[in-house]
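Commentary on secondary and tertiary structure
Here are the chains, one letter per residue:
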Amino acid sequence: MISLASIAYHVAKLLSDDNQKIFIETALPYVERCCLEQQFNARIHNQFILKHLYELMKSIYGDKSVSKYKYIYQIAVTSLHRNSIESSIRIQDDFYLSHFHPINYYSLQTIFYEFPRLTNMNFDEWISPDVFKMLMFNRSDKHPLRLYNKNSLLSDTKSSVDLTKSFADLDDVSGMIKELIYTLDIELQKGLIIIASFADQPSNLDDIAKMCRTYKIKTLIVMNTDCVKNEELEYLSVSADKWLNIIQVEPRELQKFLLDRKNAGWSLIGIERTIHSVDIKTTPLEKKTIFILGNEKNGIPVNFIPLFDKCVEILQVNTKCPLSVHFTTAICIYQYIKQTS
(Lines give C-alpha, C1' and ligand atoms only; values in the text may rest on other atoms or scores of the structure.)
Protein backbone atom coordinates (compact mmCIF):
# COMPACT_ATOMS: atom_id res chain seq x y z
CA MET A 1 0.00 0.00 0.00
CA ILE A 2 2.97 2.33 0.49
CA SER A 3 3.91 1.93 -3.18
CA LEU A 4 0.36 2.50 -4.42
CA ALA A 5 -0.08 5.61 -2.29
CA SER A 6 3.27 6.99 -3.48
CA ILE A 7 2.29 6.40 -7.10
CA ALA A 8 -1.03 8.15 -6.51
CA TYR A 9 0.85 11.09 -4.99
CA HIS A 10 3.08 11.51 -8.06
CA VAL A 11 0.28 11.01 -10.59
CA ALA A 12 -1.86 13.61 -8.81
CA LYS A 13 0.91 16.19 -9.13
CA LEU A 14 1.26 15.53 -12.86
CA LEU A 15 -2.43 15.90 -13.72
CA SER A 16 -4.33 19.14 -14.12
CA ASP A 17 -7.86 20.55 -14.21
CA ASP A 18 -10.75 18.10 -13.91
CA ASN A 19 -8.54 15.06 -14.41
CA GLN A 20 -6.54 16.00 -11.34
CA LYS A 21 -9.62 16.64 -9.24
CA ILE A 22 -11.29 13.38 -10.21
CA PHE A 23 -8.11 11.43 -9.59
CA ILE A 24 -7.52 12.87 -6.11
CA GLU A 25 -11.18 12.36 -5.18
CA THR A 26 -10.80 8.71 -6.22
CA ALA A 27 -7.48 8.21 -4.42
CA LEU A 28 -8.26 9.89 -1.09
CA PRO A 29 -10.71 7.24 0.24
CA TYR A 30 -8.10 4.50 -0.27
CA VAL A 31 -5.29 6.54 1.28
CA GLU A 32 -7.59 7.50 4.16
CA ARG A 33 -8.26 3.84 4.90
CA CYS A 34 -4.53 3.09 4.98
CA CYS A 35 -3.88 5.90 7.46
CA LEU A 36 -5.25 3.55 10.12
CA GLU A 37 -3.02 0.60 9.15
CA GLN A 38 -1.56 -1.48 11.97
CA GLN A 39 1.89 -1.54 10.37
CA PHE A 40 3.74 1.58 11.54
CA ASN A 41 5.65 2.45 8.36
CA ALA A 42 2.58 2.00 6.16
CA ARG A 43 0.50 4.16 8.48
CA ILE A 44 3.03 7.02 8.60
CA HIS A 45 3.64 7.00 4.84
CA ASN A 46 -0.06 7.13 4.07
CA GLN A 47 -0.65 9.90 6.59
CA PHE A 48 2.12 11.90 4.95
CA ILE A 49 0.64 11.37 1.47
CA LEU A 50 -2.92 12.12 2.61
CA LYS A 51 -1.69 15.39 4.11
CA HIS A 52 -0.11 16.46 0.82
CA LEU A 53 -3.00 15.33 -1.38
CA TYR A 54 -5.41 17.18 0.92
CA GLU A 55 -3.35 20.37 0.78
CA LEU A 56 -2.94 20.12 -3.00
CA MET A 57 -6.69 19.68 -3.50
CA LYS A 58 -7.53 22.49 -1.07
CA SER A 59 -5.08 24.97 -2.64
CA ILE A 60 -6.60 24.52 -6.11
CA TYR A 61 -10.26 23.72 -5.53
CA GLY A 62 -10.98 25.26 -2.13
CA ASP A 63 -12.08 24.04 1.32
CA LYS A 64 -15.34 22.55 0.10
CA SER A 65 -13.56 20.00 -2.11
CA VAL A 66 -11.92 18.34 0.91
CA SER A 67 -14.41 19.06 3.68
CA LYS A 68 -15.19 15.37 4.27
CA TYR A 69 -11.49 14.66 4.96
CA LYS A 70 -10.96 17.54 7.39
CA TYR A 71 -10.86 15.40 10.54
CA ILE A 72 -8.66 12.62 9.17
CA TYR A 73 -6.33 15.34 7.87
CA GLN A 74 -6.07 16.87 11.36
CA ILE A 75 -5.38 13.43 12.83
CA ALA A 76 -2.65 12.78 10.25
CA VAL A 77 -0.98 16.14 10.88
CA THR A 78 -1.08 15.60 14.65
CA SER A 79 0.32 12.09 14.32
CA LEU A 80 3.15 13.20 12.06
CA HIS A 81 4.02 16.15 14.28
CA ARG A 82 3.74 14.76 17.80
CA ASN A 83 4.12 11.02 17.85
CA SER A 84 6.67 10.32 15.16
CA ILE A 85 8.67 13.45 14.38
CA GLU A 86 11.81 11.49 13.52
CA SER A 87 9.96 9.12 11.18
CA SER A 88 8.05 11.89 9.43
CA ILE A 89 11.28 13.82 8.83
CA ARG A 90 12.84 10.72 7.27
CA ILE A 91 9.82 10.31 5.01
CA GLN A 92 9.94 13.95 3.93
CA ASP A 93 13.63 13.56 3.12
CA ASP A 94 13.09 10.34 1.19
CA PHE A 95 14.20 10.87 -2.42
CA TYR A 96 11.01 9.37 -3.82
CA LEU A 97 8.77 11.89 -2.07
CA SER A 98 11.09 14.88 -2.26
CA HIS A 99 13.50 15.11 -5.22
CA PHE A 100 12.03 12.58 -7.60
CA HIS A 101 9.91 13.69 -10.56
CA PRO A 102 8.53 10.94 -12.85
CA ILE A 103 8.96 12.92 -16.07
CA ASN A 104 12.11 14.92 -15.35
CA TYR A 105 13.95 11.77 -14.28
CA TYR A 106 12.57 9.39 -16.89
CA SER A 107 15.86 7.90 -18.06
CA LEU A 108 17.82 4.66 -18.22
CA GLN A 109 20.11 6.12 -15.58
CA THR A 110 17.20 6.44 -13.15
CA ILE A 111 15.61 3.07 -13.92
CA PHE A 112 18.69 0.87 -13.97
CA TYR A 113 21.18 2.69 -11.73
CA GLU A 114 19.74 5.39 -9.46
CA PHE A 115 16.64 3.48 -8.30
CA PRO A 116 18.55 0.28 -7.45
CA ARG A 117 21.18 2.38 -5.66
CA LEU A 118 18.75 4.55 -3.73
CA THR A 119 16.62 1.60 -2.64
CA ASN A 120 19.73 -0.34 -1.60
CA MET A 121 19.20 -3.21 -3.98
CA ASN A 122 22.03 -5.68 -4.36
CA PHE A 123 24.93 -4.15 -6.29
CA ASP A 124 24.50 -6.84 -8.98
CA GLU A 125 21.34 -5.00 -10.02
CA TRP A 126 23.06 -1.64 -10.58
CA ILE A 127 23.61 -1.06 -14.31
CA SER A 128 25.50 2.05 -15.29
CA PRO A 129 24.03 4.13 -18.14
CA ASP A 130 27.49 3.90 -19.73
CA VAL A 131 26.67 0.26 -20.48
CA PHE A 132 23.70 1.34 -22.61
CA LYS A 133 25.88 3.97 -24.26
CA MET A 134 28.33 1.25 -25.24
CA LEU A 135 25.39 -0.73 -26.65
CA MET A 136 24.64 2.25 -28.92
CA PHE A 137 21.45 3.45 -27.24
CA ASN A 138 19.75 6.10 -29.37
CA ARG A 139 16.97 8.32 -28.12
CA SER A 140 13.83 8.24 -30.22
CA ASP A 141 11.88 11.38 -31.10
CA LYS A 142 8.72 9.33 -30.57
CA HIS A 143 9.58 8.41 -26.99
CA PRO A 144 10.83 10.63 -24.12
CA LEU A 145 13.19 8.03 -22.59
CA ARG A 146 16.69 9.50 -22.19
CA LEU A 147 20.04 7.90 -21.44
CA TYR A 148 21.17 10.31 -18.70
CA ASN A 149 19.31 12.65 -16.36
CA LYS A 150 19.41 16.36 -17.12
CA ASN A 151 20.92 17.23 -13.74
CA SER A 152 22.79 15.54 -10.91
CA LEU A 153 20.21 16.07 -8.15
CA LEU A 154 19.15 12.43 -8.06
CA SER A 155 22.77 11.25 -8.34
CA ASP A 156 23.74 13.44 -5.38
CA THR A 157 20.91 12.03 -3.27
CA LYS A 158 21.86 9.44 -0.67
CA SER A 159 19.92 6.23 -0.21
CA SER A 160 16.97 6.24 2.14
CA VAL A 161 17.79 5.02 5.63
CA ASP A 162 14.06 4.62 6.18
CA LEU A 163 13.93 1.69 3.79
CA THR A 164 17.00 -0.41 4.53
CA LYS A 165 20.50 -0.10 5.86
CA SER A 166 22.65 1.88 3.46
CA PHE A 167 25.85 0.78 1.81
CA ALA A 168 29.13 2.54 2.43
CA ASP A 169 29.10 6.23 1.59
CA LEU A 170 29.41 6.54 -2.18
CA ASP A 171 31.74 9.52 -1.86
CA ASP A 172 34.20 7.28 -0.04
CA VAL A 173 33.79 4.65 -2.74
CA SER A 174 34.47 7.22 -5.46
CA GLY A 175 37.59 8.40 -3.68
CA MET A 176 38.79 4.84 -3.25
CA ILE A 177 38.35 4.14 -6.96
CA LYS A 178 40.24 7.29 -7.94
CA GLU A 179 43.11 6.36 -5.64
CA LEU A 180 43.14 2.84 -7.03
CA ILE A 181 43.20 4.04 -10.64
CA TYR A 182 46.03 6.45 -9.83
CA THR A 183 48.05 3.61 -8.31
CA LEU A 184 47.52 1.41 -11.33
CA ASP A 185 48.38 4.19 -13.77
CA ILE A 186 51.70 4.78 -12.01
CA GLU A 187 52.71 1.15 -11.51
CA LEU A 188 51.10 -0.66 -14.42
CA GLN A 189 51.44 0.91 -17.83
CA LYS A 190 51.28 -2.56 -19.35
CA GLY A 191 50.94 -6.14 -18.22
CA LEU A 192 48.20 -8.40 -16.93
CA ILE A 193 45.67 -7.71 -14.17
CA ILE A 194 43.66 -10.51 -12.58
CA ILE A 195 40.30 -9.52 -11.11
CA ALA A 196 38.92 -12.00 -8.58
CA SER A 197 36.41 -9.69 -6.90
CA PHE A 198 33.57 -12.15 -7.51
CA ALA A 199 35.41 -15.10 -5.97
CA ASP A 200 34.59 -15.43 -2.27
CA GLN A 201 36.27 -18.66 -1.15
CA PRO A 202 39.47 -17.86 0.81
CA SER A 203 41.15 -21.10 -0.27
CA ASN A 204 40.57 -20.26 -3.94
CA LEU A 205 41.87 -16.73 -3.45
CA ASP A 206 44.97 -18.18 -1.84
CA ASP A 207 45.54 -20.48 -4.83
CA ILE A 208 44.99 -17.60 -7.26
CA ALA A 209 47.56 -15.54 -5.33
CA LYS A 210 50.05 -18.40 -5.62
CA MET A 211 49.38 -18.63 -9.37
CA CYS A 212 50.06 -14.92 -9.74
CA ARG A 213 53.28 -15.30 -7.78
CA THR A 214 54.40 -18.24 -9.90
CA TYR A 215 53.79 -16.41 -13.17
CA LYS A 216 55.11 -13.03 -11.92
CA ILE A 217 51.78 -11.24 -12.33
CA LYS A 218 51.99 -7.78 -10.77
CA THR A 219 48.40 -7.12 -9.72
CA LEU A 220 45.59 -9.15 -8.22
CA ILE A 221 42.29 -7.46 -7.41
CA VAL A 222 40.04 -9.07 -4.80
CA MET A 223 36.81 -8.28 -2.98
CA ASN A 224 38.46 -8.20 0.43
CA THR A 225 42.21 -8.09 1.03
CA ASP A 226 41.68 -9.50 4.53
CA CYS A 227 40.96 -12.87 2.91
CA VAL A 228 44.52 -12.94 1.60
CA LYS A 229 46.23 -11.30 4.54
CA ASN A 230 45.11 -13.40 7.48
CA GLU A 231 47.88 -15.40 9.14
CA GLU A 232 46.86 -18.82 7.84
CA LEU A 233 46.64 -17.72 4.23
CA GLU A 234 49.84 -15.70 4.44
CA TYR A 235 51.61 -18.89 5.45
CA LEU A 236 49.93 -21.01 2.78
CA SER A 237 50.57 -18.54 -0.02
CA VAL A 238 54.27 -18.28 0.85
CA SER A 239 53.87 -14.57 1.58
CA ALA A 240 52.53 -13.86 -1.89
CA ASP A 241 51.02 -10.58 -0.72
CA LYS A 242 54.48 -9.31 0.30
CA TRP A 243 55.43 -8.71 -3.32
CA LEU A 244 52.13 -9.06 -5.19
CA ASN A 245 50.15 -5.84 -5.57
CA ILE A 246 46.86 -6.98 -4.01
CA ILE A 247 44.16 -4.31 -4.27
CA GLN A 248 40.63 -4.33 -2.89
CA VAL A 249 37.78 -3.51 -5.27
CA GLU A 250 34.36 -4.66 -4.15
CA PRO A 251 31.90 -5.89 -6.81
CA ARG A 252 29.70 -2.80 -6.44
CA GLU A 253 32.71 -0.61 -7.33
CA LEU A 254 33.83 -2.79 -10.21
CA GLN A 255 31.73 -1.41 -13.07
CA LYS A 256 33.22 2.06 -12.69
CA PHE A 257 36.72 0.64 -12.39
CA LEU A 258 36.35 -1.52 -15.51
CA LEU A 259 34.95 1.32 -17.61
CA ASP A 260 37.83 3.58 -16.58
CA ARG A 261 40.34 0.86 -17.44
CA LYS A 262 38.68 0.27 -20.80
CA ASN A 263 38.83 3.97 -21.61
CA ALA A 264 42.53 3.86 -20.73
CA GLY A 265 43.15 1.24 -23.41
CA TRP A 266 42.91 -2.01 -21.49
CA SER A 267 41.29 -5.10 -23.01
CA LEU A 268 38.60 -6.61 -20.76
CA ILE A 269 38.32 -10.39 -21.02
CA GLY A 270 35.62 -12.20 -19.05
CA ILE A 271 36.30 -15.82 -18.16
CA GLU A 272 32.74 -17.01 -18.58
CA ARG A 273 30.82 -19.45 -20.75
CA THR A 274 28.23 -17.52 -22.77
CA ILE A 275 26.56 -17.98 -26.13
CA HIS A 276 29.28 -15.80 -27.70
CA SER A 277 32.28 -17.17 -25.79
CA VAL A 278 35.35 -18.19 -27.77
CA ASP A 279 38.12 -20.65 -27.05
CA ILE A 280 40.91 -18.93 -25.15
CA LYS A 281 43.53 -20.89 -27.12
CA THR A 282 42.45 -19.19 -30.35
CA THR A 283 41.83 -15.74 -28.85
CA PRO A 284 44.40 -12.97 -29.54
CA LEU A 285 45.35 -11.27 -26.27
CA GLU A 286 46.61 -7.71 -25.91
CA LYS A 287 49.58 -6.77 -23.76
CA LYS A 288 47.31 -4.62 -21.57
CA THR A 289 44.75 -7.27 -20.64
CA ILE A 290 42.45 -7.67 -17.66
CA PHE A 291 41.06 -11.12 -16.89
CA ILE A 292 37.80 -11.06 -14.91
CA LEU A 293 37.09 -14.26 -13.00
CA GLY A 294 33.62 -15.36 -11.93
CA ASN A 295 32.15 -16.54 -8.68
CA GLU A 296 32.72 -20.20 -7.83
CA LYS A 297 29.01 -21.03 -8.13
CA ASN A 298 27.31 -18.22 -10.02
CA GLY A 299 29.98 -17.03 -12.43
CA ILE A 300 30.06 -13.39 -13.53
CA PRO A 301 26.87 -11.32 -12.98
CA VAL A 302 25.09 -10.81 -16.30
CA ASN A 303 25.10 -7.02 -16.05
CA PHE A 304 28.91 -7.06 -16.36
CA ILE A 305 29.04 -9.09 -19.58
CA PRO A 306 28.33 -6.14 -21.95
CA LEU A 307 31.34 -4.29 -20.54
CA PHE A 308 33.81 -6.89 -21.78
CA ASP A 309 35.57 -6.87 -25.12
CA LYS A 310 34.95 -10.60 -25.25
CA CYS A 311 34.26 -13.64 -23.11
CA VAL A 312 36.49 -16.70 -23.33
CA GLU A 313 36.11 -20.25 -22.12
CA ILE A 314 38.33 -23.29 -21.74
CA LEU A 315 37.04 -26.09 -23.90
CA GLN A 316 37.02 -29.56 -22.32
CA VAL A 317 36.60 -32.98 -23.86
CA ASN A 318 34.26 -35.69 -22.54
CA THR A 319 33.36 -33.87 -19.34
CA LYS A 320 30.77 -31.38 -18.17
CA CYS A 321 32.44 -30.72 -14.83
CA PRO A 322 33.68 -27.09 -14.73
CA LEU A 323 37.26 -26.29 -13.80
CA SER A 324 37.93 -24.69 -10.44
CA VAL A 325 38.56 -20.97 -10.51
CA HIS A 326 42.27 -21.27 -9.66
CA PHE A 327 42.91 -23.88 -12.39
CA THR A 328 41.08 -21.61 -14.81
CA THR A 329 43.30 -18.73 -13.70
CA ALA A 330 46.46 -20.75 -14.31
CA ILE A 331 45.40 -21.72 -17.85
CA CYS A 332 44.43 -18.16 -18.74
CA ILE A 333 47.71 -16.75 -17.42
CA TYR A 334 49.63 -19.40 -19.36
CA GLN A 335 47.85 -18.48 -22.61
CA TYR A 336 48.54 -14.80 -21.98
CA ILE A 337 52.27 -15.37 -21.38
CA LYS A 338 52.48 -17.70 -24.37
CA GLN A 339 51.13 -14.99 -26.68
CA THR A 340 52.73 -11.86 -25.26
CA SER A 341 56.22 -12.98 -24.18
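In what follows, the structure referred to is the one given above.
Our subject in this report is the structure included herewith. All of these numbers come straight from a predicted model, not from anything done at the bench.

Under the counting rule described, the total for this entry stands at four aromatic pairs. Judged by centre distance (4.0 Å) and plane angle (10°), the ring pair of Tyr54 and Tyr73 falls under stacked. Residue Tyr54 is located in helix α3 (residues 40-61), and its partner Tyr73 is located in helix α4 (residues 70-83); the two are separated by 19 residues in the primary sequence. On the accessibility criterion, Tyr54 (6% relative accessible area) is buried. The interplanar angle of 80° and the centroid separation of 5.9 Å between the aromatic rings of Tyr113 and Trp126 together place this pair among those described as edge-to-face. Of this pair, Tyr113 sits in helix α6 (residues 108-118) while Trp126 sits in the loop between α6 and α7 (129-134); the two residues are 13 residues apart in sequence, bridging distant segments of the chain. According to the relative accessible area criterion, Tyr113 is partly exposed, its value standing at 25%. Take Trp126: its relative accessible area is 5%, and that puts it in the buried class.

Bringing the pattern of salt bridges into the picture now. In total, this model carries eight salt bridges according to the counting rule given. Between Glu55 and Lys51 there is a salt bridge, and its shortest N-O distance comes to 3.3 Å. In this pair, Glu55 and Lys51 both sit in helix α3, four residues apart, roughly one turn of the helix. A relative accessible area of 21% means that Lys51 is categorised as partly exposed. Members of the salt-bridge network, linked through shared partners, are Asp206, Asp207 and Lys210.

Let us now look at unusual backbone geometry. Positive phi, normally seen in glycine, also occurs at Met136, with a value near 65°. Mapped onto the fold, Met136 is located in the loop between α7 and α8 (170-187). Its identity as a non-glycine residue notwithstanding, Lys216 has a phi of 60°, on the positive side. Mapping Lys216 onto the fold places it in the loop between α9 (202-214) and β2 (219-222).

This part takes up the packing of helix α2 (residues 17-34) against α3. One way to put it is that α2 packs onto α3 with a least axis distance of 10 Å and a crossing angle of 150°. Regarding the angle of α2 to α3, the classification is roughly antiparallel. You can see that α2 and α3 cross each other, and the crossing is left-handed. Between α2 and α3, the residues in contact are Asp17, Asp18, Gln20, Lys21, Ile24, Glu25, Leu28, Val31, Glu32 and Cys34 and Ala42, Arg43, Asn46, Ile49, Leu50, Leu53, Leu56, Met57, Ile60 and Tyr61, respectively. Class assignment for the residues of the contact of α2 with α3 results in 12 nonpolar, two polar and six charged.

Rules of the game
- Residue indices follow the written sequence of each chain, beginning from 1 at its first position.
- The predicted origin of the model limits local features to residues at a pLDDT of at least 70 and limits the giving and counting of side-chain atom pairs to 80 or more, whereas totals for whole chains, interfaces and linings rest on all residues.
- Neither water nor hydrogens contribute to the side-chain values; these are computed over all heavy atoms in the structure.
- Side-chain rings of Phe, Tyr and Trp (the six-membered ring for Trp) are treated as a pair once their centres are within 6.5 Å; stacked means planes under 30 degrees apart, edge-to-face means over 60, and tilted covers the remaining angles.
- Helix numbers and strand numbers start at the N terminus; a helix is a DSSP run of H or I with at least 4 residues, a strand a run of E with at least 2.
- For every residue, the accessible area obtained with a 1.4 Å probe (protein chains only) is divided by the maximum for its type, and the residue is called buried under 20%, exposed over 50%, and partly exposed between those limits.
- Salt bridge, as applied in this entry: a Lys or Arg side-chain nitrogen positioned within 4 Å of an Asp or Glu carboxyl oxygen.
- The axes used here are C-alpha line fits, helices contributing only the stretch in contact, and every angle between their N-to-C directions lies in the interval 0 to 180 degrees.
- The scheme is simple: roughly parallel for angles under 35 degrees, roughly antiparallel for over 145, roughly perpendicular for 65 to 115, oblique for anything else.
- Two helices that cross are described as forming a left-handed crossing if the nearer one is turned anticlockwise from the farther one by less than a right angle, and a right-handed crossing if clockwise.
- Any two residues whose heavy atoms approach within 4.5 Å are treated as being in contact.
- As a working rule, the residues Ala, Val, Leu, Ile, Met, Phe, Trp, Tyr, Cys and Pro are called nonpolar, Asp, Glu, Lys and Arg charged, and the rest polar, with Gly in that last group.

Nothing here speaks to function; it is geometry throughout.
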